[in-house]
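Remarks on the overall topology
Each chain, letter by letter, is given below.
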Amino acid sequence: MSNLPFTFDIPIPGGVPTRVDKHVQRRLSALKGQFLDQTAYEKKLAEEDSLVYEVYEIHRPEIEGELLMGVSFIHPGKVGQEFYMTKGHFHTVLETAEVYYILQGEGFMVMETPEGETSVEPLSPGRILFVPPRWAHRSVCTSRQKDLVFFFVYPGNAGHDYGTIEQFGFRKLVLEGEGGIEIVDNPRYQGR
Ligand code: PAN
Ligand code: ZN
């Protein structure tokens, strides 16, 4: 891999980057067990394995000192009353942080530490979110029409631990309530 400086562009507001080494697409089936309303999930999945989010990644070596970058698009949609979201993860190397820069759409970042601290931060265009080391993170799109689009950058050696979230879920959920968006305790959260 070349070690020369390089540039790429993200068309404003929130388009596909001009450099893409890998395009990841995650569908409903990849989020099995994560949505609160499992009946609504099974019904929707039986109709269509819809695209929930996409990630455009720039390749760099996955080693300390490097930075991994990309752009994610979380599509609008819901399963029951719960908005479309990413799988979410801890970094395998827990002591690694991440920066998100929001380009388009509205949503939230749902975060928690292994010790049980939680934080749910609103996301909107122009906002930068710093995810400190140790905080698991999941992005949620609450826009009705637009994708939630953000640029991210994190250490090359971070790695992704999806298993902990797949097994236990997040402590907080983002739902559409009668009076608008609600952030609630996850009744199906299985304490770890
Ligand atoms: C992001 C996420 C991306 C997709 O690049 O990986 O938005 O979310 P999931 O990885 O949870 O499916 C990031 O946080 N990287 O570390
Ligand atoms: Zn991450």
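Relevant structure appears above.
Below: a short report on this structure. Everything numeric here is computed off the predicted structure, so don't read it as measured data. (Residues numbered from 1 in each chain as written. Chains lettered and ligands numbered in written order. Predicted model: local features only at pLDDT ≥ 70, side-chain atom pairs only at ≥ 80, totals over all residues. Heavy atoms only, no water.)

Hydrogen bonds between backbone atoms are what pair the strands of a sheet, whose relative direction is either parallel or antiparallel. Read from one edge of the open sheet, three strands run β9-β8-β11, paired in antiparallel fashion. At either end of the open sheet lies a strand with only one pairing partner, and these are β9 (118–123) and β11 (136–141). Sheet twist, expressed as the mean angle between neighbouring strand axes with direction ignored, is 20°. Across six bridges, the pairing between strand β8 (residues 107–112) and β9 is antiparallel. (Pairing = 2+ DSSP bridges. Helix = DSSP H or I, 4+ residues; strand = E, 2+ residues; numbered from the N terminus. Axes fitted to C-alpha atoms, helices over the stretch in contact; angles between N-to-C directions.)

It is worth spelling out the site of ligand 1 at this point. Looking at ligand 1, there are 17 residues lining it, with Y53, E98, Y100, H160 and Y162 nearest. Within the backbone of G88, a nitrogen or oxygen atom sits 2.8 Å from an oxygen atom of ligand 1. H160 is positioned such that a nitrogen or oxygen atom in its side chain is 2.7 Å from an oxygen atom of ligand 1. Out of a free accessible area of 390 Å², ligand 1 has 96% covered by protein chains. Broken down by secondary-structure element, the contributors of at least two residues to the shell around ligand 1 are β2 (51–58), β7 (98–104) and β12 (148–155). Here the shell around ligand 1 takes three residues from β12, the largest share from any one element. Classifying every residue of the shell around ligand 1 by side-chain character gives seven nonpolar, seven polar and three charged. (Near = heavy atom within 4 Å. Polar contact = N/O pair within 3.5 Å; in protein donor to acceptor, adjacent residues only side chain to side chain. Areas by Shrake-Rupley, 256 points an atom, 1.4 Å probe, with all protein chains shown as cover. Nonpolar A, V, L, I, M, F, W, Y, C, P; charged D, E, K, R; others polar.)

Listed as protein donors to the zinc ion (ligand 2) are H89 (NE2), H91 (NE2), E98 (OE) and H137 (NE2); their distances from the metal cover 2.1 to 2.3 Å. Each of the six donor atoms around the zinc ion (ligand 2) contributes to a set of angles spanning 76 to 172°, which defines the coordination as octahedral. (Donors = N, O, S within 2.8 Å, 3.2 Å for Na, K, Ca; no water. Tetrahedral: all angles 85-135°; square planar, octahedral: opposite > 155°, others 65-115°.)

Enumeration over the complete set of coordinates arrives at six aromatic pairs. Considering the side-chain rings of F152 and Y154, the 5.9 Å spacing of their centres and the 35° angle between planes classify their relative orientation as tilted. Across the pair, exposure class does not vary: F152 and Y154 are buried alike. Clustering of aromatic rings is evident, with ring pairs tying together Y100, F150, F152 and Y154. (Phe/Tyr/Trp six-rings, centres within 6.5 Å; stacked < 30°, edge-to-face > 60°. Buried < 20%, exposed > 50% of the residue type's maximum accessible area, 1.4 Å probe, protein only.)

Strand direction decides the pairing type here: strand β14 (residues 172–177) and strand β15 (residues 180–185), joined by six bridges, are antiparallel. Each residue of the ladder has a partner; that of E176, found in β15, is I181. Joining the antiparallel neighbours β14 and β15 is a turn of two residues.

Cis rather than trans, the peptide bond between I12 and P13 has omega equal to 0°. The topology assignment puts P13 in the segment before β1 (22–27). Notably, R134 is not glycine yet its phi reads approximately 85°, a positive angle. In this fold, R134 is placed in the loop between β10 (128–131) and β11.

Spatially, the six strands line up as an open sheet ordered β1-β2-β3-β12-β7-β10, and their pairing is antiparallel. The open sheet is flanked by β1 and β10, the only strands paired with a single partner. Between one strand axis and the next, the sheet turns by 20° as a mean value, whatever way the strands run. Here β7 pairs with β12 via five bridges, running antiparallel. What sits directly across from Q104, in β12, is V149.

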